[in-house]
Every structure is written in C-alpha cells, then in structure tokens.
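Descriptive structure summary
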Amino acid sequence: MAPRIPSIETLRAFDAAVRLGSFSRAAEAVHLTHGAVSRRIAALEVDLDVRLFDRLPRGVRTTEAGLQLHKLVAHTLEQLRAGLADLKSGGRPVRISVLPSFASRWLLPRLGLFRAAEPGIEVEMTAQHEFAEVGRGGVDLAVRYGTAPWRGVRSELLFKERLFPIGRPGQMLASADDLVDVTLLHDSRHEDWIAWLAAAGWPMPARHQVFNDYNLVLEAAASGLGLALGRSRVIEPDLASGRLARLHPLSVANVRAYHLVTPEPPLGDEVARLAAWLRETAAREARL
C-alpha cells in the first residue's frame, strides 16, 4: 500500500528542519510551534516507516533517508512556488543575477540571439556585485565570478579567461621602465596585477587606483588615468571599438572564472532553457 501524501504544512516543516538543522528554528521559519513541527515529522517517519532525523542534544542531524527525501520535497516545493507565481502573474520572466561588467560587456550584446531563439521567454536581469540568493524566492539562476563551489547551489564552469595589460591607444608598455609613474587600475583585488607582473619579471609600481566595479576600471583606463588588466572574454567590445588597446603580448590565466549557478534542485523548463543557451553560447565561443 502506497504511503499517503503528506500535507503541504508537513512538507514545509520537514524542508525547514533539514535546511536549518533544528526543529525550533524550523518552527520559527514556518510559523508553527516546536511541538507541532516535532509531531508532524514524527508522523511522517511513522507513515514512511523510516527515521528521517537523528535527535541530538543540540538540534537534529538528517539521516541518509532524510536527505534522499529532502531532494524530492525541495524540488516539489520549488516547482509549486514557481507554478503559483506564474499563475498569479500570468507568466513571469526568468530572473538572472550577473556582475554589471558581465551584463554590459558579454550578456547584453548576445541577449538578442536568445530572444530570437526563445521569443516566448522574458529575461529579467539584475546587475549586482553581491551574490544573489538563487532559488527559494531569489533569482532563478546566476553567473558568478570567482572560484567555485558555493554551498547550497549547483555551479558549473561557464568559461575561463586570460589577463593582459590594456590602456588608451598610443600608450607604451615595452619594459618595466614604462611603468615608472604609472597608476595601476584594478578592482578590490590586485592579485591579478601581482600575477602578471611576476610572470613578466617586473616590479610592482607604487601607485594604484581601486574601483568597486570593473566597468569603472575600464572607463578609467580609456580616460588615460592608468593601466588596467583586460579580461579576455569581456574586454572584446572595447578592443574592437578602439577605445582600449592591448599593450603587451604576455597574458596569464585568471584564477577567477565565470560560473553558471543554478538552484539545487533545478527549477522549471524556461530557466533550464536559458541555462542551456548560456552553456551553448560559451562553449561555441570557446571553440572559435
């Protein structure tokens, strides 16, 4: 005899208990009492004839059976939330979070291709520096710049890039002498410049200008305020237009990369189609 399907309240309580590792915190999250959460989960264990949690002096630990069930429950709840949101709004856009520089220099120039391929899917783009919450009421997917993995989400490499000095056309960078009195432009990290200068065997200049956004770094370089490191996959529009020029043939691998981040478990079909297009576009350009 098949087990009866638990109520939504029981599934929400179970999901919260797994995520938070505590019946008390789960009770706060789903607006029930501790006793109500405990009773619902105990009844669920009886119905399934399996132990879902190990009760510890402080909190609970999810068993292997509990983790297996949670994958199904979390996916079901996310699908239900997404479906209800679609019904309420009459269909909603796919929400993606990206860095401002990635948005303006890589994604936006290619977004028309996605619209042509998927005219029925609207994309809502959020450009931000902070990591957005993916799934559970946050964005549907994200492109993160950094080093994976990240907890609670599924991440996969979208593409790597190489770094090389760039500046206003006509500037020179043939030897270390050309760096005397030059300002190095970079975002909050200058490890990229450390790596490139070490590869070139050149000393680190004394003057630096820091920006909180790579777009500003590039604008400063185009204005002649100093030299920046070009990121090979997002600098292409600036090099093609002649606003900026590559100043040295040496390039180094960037330790940071762009990663496609999706919820665990994944969401609906429209989100999957945007994710697939991002993968395919990045892979195709990597072959060129």
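Refer to the structure above for everything that follows.
Owing to the predicted nature of the structure, the values given are computational and were not obtained by experimental measurement. Residue numbers here run from 1 along each chain, matching the order of that chain's written sequence. In keeping with the predicted nature of the model, local features appear solely for residues at pLDDT of at least 70, side-chain atom pairs appear and are counted solely at 80 or more, and the whole-chain, interface and lining totals rest on all residues. To obtain the side-chain values, all non-hydrogen atoms of the structure were included, while hydrogens and water were left out.

Moving on: the pattern of salt bridges. Basic side-chain nitrogens of Lys or Arg form a salt bridge, by our definition, when they fall within 4 Å of a carboxyl oxygen of Asp or Glu. In this structure the tally under the stated criterion is 18 salt bridges. Here E156 and R279 are joined by a salt bridge, their closest N and O atoms 2.7 Å apart. Taken together, the positions of E156 in strand β6 (residues 153–159) and R279 in helix α9 (residues 269–287) put the pair 123 residues apart, joining distant regions of the chain. Burial classes: relative accessible area under 20% of the type maximum marks a residue as buried, over 50% as exposed, and values in between as partly exposed (1.4 Å probe, protein chains only). For E156, a relative accessible area of 25% corresponds to the partly exposed category. R279 sits in the partly exposed class, given a relative accessible area of 33%. One salt bridge connects R256 with D192, and the closest N-O pair in it is separated by 2.9 Å. Placement of the pair is R256 in the loop between β12 (252–253) and β13 (257–263) and D192 in helix α6 (residues 191–200), with a sequence separation of 64 residues. Counting from the N terminus, the helices are DSSP H or I runs at least four residues long and the strands are E runs at least two residues long.

Turning to the nonpolar core, a few remarks are in order. Put simply, buried Ala, Val, Leu, Ile, Met, Phe, Trp, Tyr and Cys residues joined by side-chain atoms within 4.5 Å make one nonpolar core. In terms of nonpolar packing, the biggest core is built from 39 residues, with F102, L141, V143, L158 and L278 touching the most fellow members. Elements with a contribution of two residues or more to this core: β3 (94–98), α5 (100–117), β5 (141–146), β6, β7 (162–167), α7 (214–222), β13 and α9. Any two residues whose heavy atoms approach within 4.5 Å at even a single point are treated as in contact. L141 has contacts with V94, R95, I96, S97, V134, L260, V261, T262, V271, L274, A275 and L278, leaving out every residue within four places of it along the chain. With 19 residues, the next largest nonpolar core counts F14, A27, L52 and L69 among its residues.

Moving on: the layout of surface pockets. The method works on a 1 Å grid over the protein atoms by themselves. A cavity is a set of points holding a 1.4 Å probe that cannot get out, a pocket is an open set with protein on both sides within 12 Å along at least five of seven lines, and residues with an atom within 4 Å of a point line them. Grid points are joined across faces, edges and corners, and a volume is the space filled by probe spheres set on the points. Looking at the largest pocket, its volume works out to about 580 Å³. What lines the largest pocket is a set of 18 residues, among which R19, R136, G152, V153 and E264 lie closest to the centre. Looking at the lining of the largest pocket, the element that brings in the most residues is helix α4 (residues 64–89), giving 5 residues. Classification convention: Asp, Glu, Lys, Arg as charged; Ala, Val, Leu, Ile, Met, Phe, Trp, Tyr, Cys, Pro as nonpolar; all other residues, Gly among them, as polar. Across the lining of the largest pocket, the residue classes tally to 7 nonpolar, 3 polar and 8 charged.

What is shown is where atoms sit, not what they do.
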